[in-house]
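Chains, contacts and geometry: an overview
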Amino acid sequence: MTNKDLADLIFPNAESIENIEKKYKVRDLKEGSVVTRFAPSPTGFVHIGSLFTSFIARKVARQTDGVFILRIEDTDQKRTVENGIGEIIKDLENYGINYDEGIIFENGVVKEKGNYGPYLQSSRKTIYEAFAKSLIERDLAYPCFCTEEDLQKIKEEQELRKDRLGYYGDYAKSRHLTIDEAVLKIKNGEKYIIRLKSPGDFNKKIEVKDLVRGRIEFPENDLDIVLIKGDGLPTYHFAHAVDDHLMRVTHVIRGDEWISSLPVHIQLFQCLNFKVPKYAHLSPLMKVDENGVRRKLSKRHDPESAVSYYHERGIPKEAVMLYIMTVANSNFEQWYEQNRDAKLEDFKFDFKRVGSSGALFDLDKLNNISKSYISRLTAEEVYEKSLEYAKEFDKEFAQILVDNKDIAIAVFSIERYQKKPRKDYENFKDIRKETWYIFDELFKDFTYEEQKVTDRELLKKIISSYLDSYDENDEEDKWFEKIKNIASMNNFAANMKDYREHPEDYLGNVTDIATVLRVALTSKTVTPNLHQISRILGKEKMKERFDKFLQA
Ligand code: GLU
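An account of the accompanying structure is given in this report. (Residues numbered from 1 in each chain as written. Predicted model: local features only at pLDDT ≥ 70, side-chain atom pairs only at ≥ 80, totals over all residues. Heavy atoms only, no water.)

Quick notes on unusual backbone geometry
With the exception of glycine, most residues fall at negative phi, and the peptide bonds are largely trans. Between G117 and the following residue, P118, the backbone shows a cis peptide bond with an omega angle of -5 degrees. With respect to the element layout, P118 can be found in the loop between strand 4 (109–113) and helix 5 (125–137). Its identity is not glycine, yet R248 carries a phi of approximately 60 degrees, on the positive side. Note that R248 resides in the loop between helix 8 (236–246) and strand 10 (251–255). A positive phi angle is found at E415, which is not glycine, with a value near 55 degrees. Along the chain, E415 falls in the loop between helix 16 (405–413) and helix 17 (430–435). (Helix = DSSP H or I, 4+ residues; strand = E, 2+ residues; numbered from the N terminus.)

Notes on the site of the ligand
Taken together, R37, A39, S41, E73, Y236, R254, E257 and W258 make up the full set of residues near the ligand. The separation between a nitrogen atom of the ligand and a polar main-chain atom of A39 is 2.8 Å. Contact with the protein chains removes 81% of the 290 Å² of surface that the ligand exposes when unbound. (Near = heavy atom within 4 Å. Polar contact = N/O pair within 3.5 Å; in protein donor to acceptor, adjacent residues only side chain to side chain. Areas by Shrake-Rupley, 256 points an atom, 1.4 Å probe, with all protein chains shown as cover.)

Details of the nonpolar core
Counting 160 residues, the largest nonpolar core has I48, I56, L227, F238 and F412 as its most contacted members. Here the element with the most residues in this core is helix 11 (residues 317–328); it accounts for 9 residues. If you look at the next biggest cluster of nonpolar residues, it comprises 9 residues, including C144, Y167, Y168 and Y171. (Core = buried A, V, L, I, M, F, W, Y, C linked by side-chain atoms within 4.5 Å. Buried < 20%, exposed > 50% of the residue type's maximum accessible area, 1.4 Å probe, protein only.)

Observations concerning the packing of helix 14 (residues 379–393) against helix 15 (residues 395–403)
Each pair of packed helices can be described by the angle between their axes along with the distance between the axes. Two numbers describe how helix 14 lies on helix 15: the axes approach to 6 Å, and their chain directions differ by 145 degrees. Judged by the sense of rotation from one axis to the other, the crossing of helix 14 with helix 15 is left-handed. When helix 14 is examined against helix 15, the residues Y383, S386, L387, A390, K391, E392 and F393 are found in contact with a partner set consisting of K395, F397, A398, L401 and V402. The class makeup of the residues in the contact of helix 14 with helix 15 is 8 nonpolar, 1 polar and 3 charged. (Axes fitted to C-alpha atoms, helices over the stretch in contact; angles between N-to-C directions. Left-handed = near helix turned anticlockwise from the far one by under 90°. Contact = heavy atoms within 4.5 Å. Nonpolar A, V, L, I, M, F, W, Y, C, P; charged D, E, K, R; others polar.)

Details of the sheet that holds strand 5 (residues 141–144)
With antiparallel pairing, 3 strands are arranged side by side in an open sheet as 5-6-9. Looking along the sheet, the strands with just one partner apiece sit at the ends: strand 5 and strand 9 (226–228). The mean inter-strand angle of the sheet, taken between neighbouring strand axes irrespective of direction, is 45 degrees. Relative to strand 6 (residues 193–196), strand 5 runs antiparallel, the two sharing 4 bridges. By the bridge assignment, P143 is partnered in strand 6 with I194. (Pairing = 2+ DSSP bridges.)

Points about the pattern of salt bridges
Side chains that differ in charge, positive against negative, can pair when their charged atoms come close. Here the structure, examined in full by the defined rule, presents 44 salt bridges. Note that R124 and D243 form a salt bridge whose closest N and O atoms lie 2.8 Å from each other. In this pair, R124 is assigned in the loop between strand 4 and helix 5 and D243 in helix 8, connecting sequence segments 119 residues apart. Among the residues examined, R124 registers a relative accessible area of 0% and is labelled buried. Between E501 and K497 there is a salt bridge, with the nearest N and O atoms lying 3.6 Å from each other. Within this pair, E501 and its partner K497 are both found in helix 20 (residues 496–501), separated by 4 residues, close to a single helical turn. On the accessibility criterion, E501 (46% relative accessible area) is partly exposed. Overlapping salt bridges, with partners in common, bring together R37, R71, E73, R124, D243 and D244 in one network. (Salt bridge = Lys/Arg side-chain N within 4 Å of Asp/Glu carboxyl O.)

Keep in mind these values describe shape, not function.
Listed below in structure tokens is the structure:
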């Protein structure tokens, strides 16, 4: 019996790897083009760190006229959840992370796009088998019959001897079976998995170059890691080597939880005679928690770790992407300041400027970016985007926006088109909170905020003088002159300087008069520009609101 007989017995129908290689041609790309992929597992949760990784992978491919692939890693069937793929695709789409090849959704059906698929690992079983078979034939892999109990015993023995844990060397029992013994066990129906017969020596060192971390030295791998599991599917390690080779990926960009597996991966590429790709390991996003402790942004403890968090709060995707770019490359912020009108695509990402110690993910900073971003949109854009948000998350407000388009746009225009635009809205959820009072439909159940003037006769007088003198054609200066007049007539200082010098001479000052009007019209003591609010409401509506106020 030979290794070939053993391989044939295990995988009788496997295709030859030569045939497979022919189907995955070397890509015809120009010199320097980079092929990257985003390879999430469909666990039903897309972490903001994954968005970060996918954004960088896409960016690097785009800026070199390369290819960006979405591959779904569903070989861990226990972690795979229903519609996990749909969630990933939706989030990528929401954030404009489009890809050239991979899994797509068309009318609710999972489909493939591209010539290097399948892009769903569970559909690639026969491919992994072919490569596993070739390794067995070349005495670089073998069936392992060890049970859980056997592995436990090995571990106990290693602990007793204070030896390194793992399946290797003399501890690797099945590695030392003869081919005949292995064949017999298979024929007897014993269960097995396929392991790598590691050619590594733990006492030797290998050096790896990582694009973010630079050179790293590791001991060689000597663990006989699992290639094909009991369910017939590959492990991450094996699938990574086979897929990234066949898909002709040039740069593997992934989370740094995989960095310690590099010796395994490099060895696998070598055993399979594949060219080793370039690696870039990204550090996890960090946060400073309530106790001031710097730690990883965690799926369990931090709601902001989910990509859906931003969507649900109406934080514009552009702001999220701007922030991600800021976190990704230290020189981005400066570039963006100097190139306000340039597209994000124009920024040149550089691995050398990626921090290797874990960037701080600062929600306050993201919110500030979001505020500035919204402040620079046109009122029409704010309208469209807040309507889109409301249609998904606040149907009542969506209807109000539809029914009051002109009013909404007028409100969003207040103090917008100026050097320093007003920054009221941190996200599209805030829009209702900041503008509800302008819409009659919402101007119902509220309490008027407290203000200085409470005397009813005086309130009536201020309001009727305002209405009598109000002319919608007045520009702001003229309008304000009239308010000053009302102030003077009622012994309120029209001029702040006079008031500050002799407060005892007055009942108050002109801002108190404006506040009376503001509260009567909006219920609030603080709003954007009252002149513009008055114009938007118009005289009739102001009258109604004043009546309502005086009756309250
Ligand atoms: N499926 C792996 C994960 O979600 C992908 C790592 C990689 O990009 O290779 O961690």
